[in-house]
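The chain contents come next:
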Amino acid sequence: MNLENDILKISTPGRVCLFGEHQDYLHLPIIASAISRRIVIQGKHRNDKLINIQMPDINSEEKFLLNGELRYEVERDYFKSAINVLQRKGFTFSQGFDCTINSSIPINAGTSSSSALMVSWINFLARFSDQTKIISANEIARLAYEAEVLEFSEPGGMMDHYSTSVGGIIYLSSFPKIDLKIVNAKLGSFVLGNSNEPKDTKFILANVKNRVLELTKLLKSNHPDFSLQYVNINEIEKYKSELSSNQYELLLGTIQNRNITFEAEKVLQSDNIDHKHLGKLMTQHHNILRDVLKISTPKIEEMIYAALEAGAYGAKINGSGGGGCMFAYAPENTEQVFEAVKKISSDTFIVEVDKGTVEEIYEEVS
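None of these values were measured; they are calculated from a predicted model.

K.L.:
Help me understand the sheet that holds strand β9 (residues 314–317) in this model?
P.N.:
Strands in a sheet are paired, the pairing made by backbone hydrogen bonds, and the direction either parallel or antiparallel. The four strands are arranged β9-β10-β8-β11 in an open sheet whose pairing can be described as antiparallel. The outermost strands of the open sheet, each flanked by one partner alone, are β9 and β11 (348–351). Each neighbouring strand pair of the sheet contributes to a mean axis angle of 20°, computed without reference to strand direction. Alignment of strand β8 (residues 190–194) against strand β10 (residues 325–329), held across five bridges, turns out to be antiparallel. Bridge pairing links Gly 193 to Met 326 in β10. Across the sheet, helix α9 (residues 334–342) is in contact with β8, β10 and β11; its angle to β11 comes to roughly 160°.

K.L.:
Explanation requested: helix α5 (residues 201–222) in the structure shown.
P.N.:
If you check α5, its first and last C-alpha atoms are 32 Å apart, about what 22 residues at 1.5 Å a residue would give, namely 32 Å. Taken together, the buried positions of α5 are occupied by Ile 204, Leu 205, Val 208, Lys 209, Val 212, Leu 215, Thr 216 and Leu 219. Down the axis of α5, the smallest arc covering the buried residues is 130°, so these residues share one side. Opposite its buried face, α5 presents the exposed residues Phe 203, Glu 214, Lys 217 and Ser 221, each directed more than 90 degrees away. Looking at the buried residues of α5, the elements they touch are α6 (245–269).

K.L.:
Would you mind showing me how to read the packing of α6 against helix α7 (residues 275–291) here?
P.N.:
Helix-helix packing is described using two parameters, namely the angle between the two axes and the distance between the axes. Running from N to C, α6 and α7 point in directions that differ by 165°, and their axes come no closer than 10 Å. Between α6 and α7, the angle falls in the class roughly antiparallel. Between α6 and α7 the crossing geometry is left-handed. Taking contact as the criterion, the partners of Glu 249, Gly 253, Gln 256, Asn 257, Ile 260, Glu 263, Ala 264, Val 267 and Leu 268 in α6 are, on α7, His 277, Leu 278, Leu 281, Gln 284, His 285, Ile 288, Leu 289 and Asp 291.

K.L.:
Looking at this structure, how should I read the packing of helix α3 (residues 137–148) against helix α4 (residues 159–166)?
P.N.:
Following both chains from N to C, one finds α3 and α4 inclined at 145°, their axes separated by 8 Å at the closest point. Once α3 is placed against α4, the crossing between them reads as right-handed. Contact with α3, carried on its side by Ala 137, Asn 138, Ile 140, Ala 141, Arg 142, Ala 144, Tyr 145 and Glu 148, involves His 161, Tyr 162, Ser 165 and Val 166 of α4 and no other residues of that element. Counted by class, the contact of α3 with α4 contains seven nonpolar, three polar and two charged residues.

K.L.:
When you look at helix α2 (residues 113–128) in this model, what are you seeing that I'm missing?
P.N.:
Counting along an α-helix, one turn takes 3.6 residues, and residues three or four places apart therefore face a common direction. The end-to-end C-alpha separation of α2 is 22 Å, in line with the 22 Å expected for 16 residues at 1.5 Å each. Summarising burial for α2: 15 of the 16 residues are buried, a large majority.

K.L.:
I keep staring at the pattern of salt bridges and nothing clicks. Help me out?
P.N.:
Close approach of charged atoms lets side chains of opposite charge pair. Counted according to the given criterion, the structure contains 16 salt bridges. Between Glu 73 and Arg 71 there is a salt bridge, with the nearest N and O atoms lying 3.3 Å from each other. Judged by its relative accessible area of 60%, Arg 71 falls in the exposed class. Taken together, the salt bridges that share partners define one network made up of Arg 46, Asp 48 and Asp 98.

K.L.:
I would appreciate a short explanation of the environment of Phe 262 in the present structure.
P.N.:
With respect to the helices and strands, Phe 262 occurs in helix α6. Its relative accessible area of 29% is what places Phe 262 among the partly exposed residues. Residues Phe 262 and Phe 19, 243 residues apart in the sequence, show an inter-C-alpha distance of 9.1 Å. Discounting residues that sit within four places of it in the chain, Phe 262 has contacts with Pro 29 and Tyr 171.

What counts, and where the lines are drawn
- Residues numbered from 1 in each chain as written.
- Predicted model: local features only at pLDDT ≥ 70, side-chain atom pairs only at ≥ 80, totals over all residues.
- Heavy atoms only, no water.
- Pairing = 2+ DSSP bridges.
- Helix = DSSP H or I, 4+ residues; strand = E, 2+ residues; numbered from the N terminus.
- Axes fitted to C-alpha atoms, helices over the stretch in contact; angles between N-to-C directions.
- Contact = heavy atoms within 4.5 Å.
- Expected span 1.5 Å × (residues − 1).
- Buried < 20%, exposed > 50% of the residue type's maximum accessible area, 1.4 Å probe, protein only.
- Arc of directions from axis to C-beta.
- Parallel < 35°, antiparallel > 145°, perpendicular 65-115°, else oblique.
- Left-handed = near helix turned anticlockwise from the far one by under 90°.
- Nonpolar A, V, L, I, M, F, W, Y, C, P; charged D, E, K, R; others polar.
- Salt bridge = Lys/Arg side-chain N within 4 Å of Asp/Glu carboxyl O.

Note that every value here comes from positions in space, so none of it alone points to a role or purpose.
Pasting the structure below:
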């Protein structure tokens, strides 16, 4: 298909992690939902090899020439890494693009703004490559993960890429291999609150991940069959003497969060969802993230308390933590919960479960 004179628009959602925070990079399952805050890339071909990207929301732009393997100039040089990854897969680009990016997803706040950008950019590039290729949502997710995480040796998992690309509610397990299930549960509204507290995602992810991997390595040296995926929570006590008190607490919290995710999947797959029980599981999950992983903040705790007092069924921190967003499950009393959280942070929204990355192609009007 000739897209020479067409304008391409790609829209991709942000996401919230319902269950399994700090679990996917340990190859433990997660449940995540795409949300109705989206990033949009809109662009057209140029007659030269310049990539011209305008980002008016953050008053920024990026320009560079297509010229073989691109050299990274800054940390997390995502626009270039996506092109490099696709070129290695056989995609070619004989023309550049003029692009504009707009987003309603909170930035650096745990709602996958960077992964949604990468998913949109991969989708855009594949469609506007010389091959004009339409690739599946799963393939977009895999390529986006490679370009964002593997290319820069970062500690994150694949949840964000699959969630924003596929959309809806997903259950994702990556052990012993990738297993993606679409969860067709009908959920009500969420209230998403951005604390606007800056956070160091890379540091927090690496810190928590490395601590769990360290204790896992220690236990495997004495117990070769030990596995975070299969260990029974009733067996944890026998490892207590081999670990420091902090390590034991972290191991117990990790397995508790794993089991909460298992239970939540059963609730979501049931014919008649117990929405209040689902909310309680979210709050239980948050309590472990706060007390064991210690990734919450006083302001986020205040927002969560306000949401629960106003009638939310459950609430938790979202993303790596240390700042950023929280969300509350509020299928009832939605407006009251929204107003309660908004009193603490004006950057608050009502969101719904949303579709994944989508494209629209139309002719430019002279």
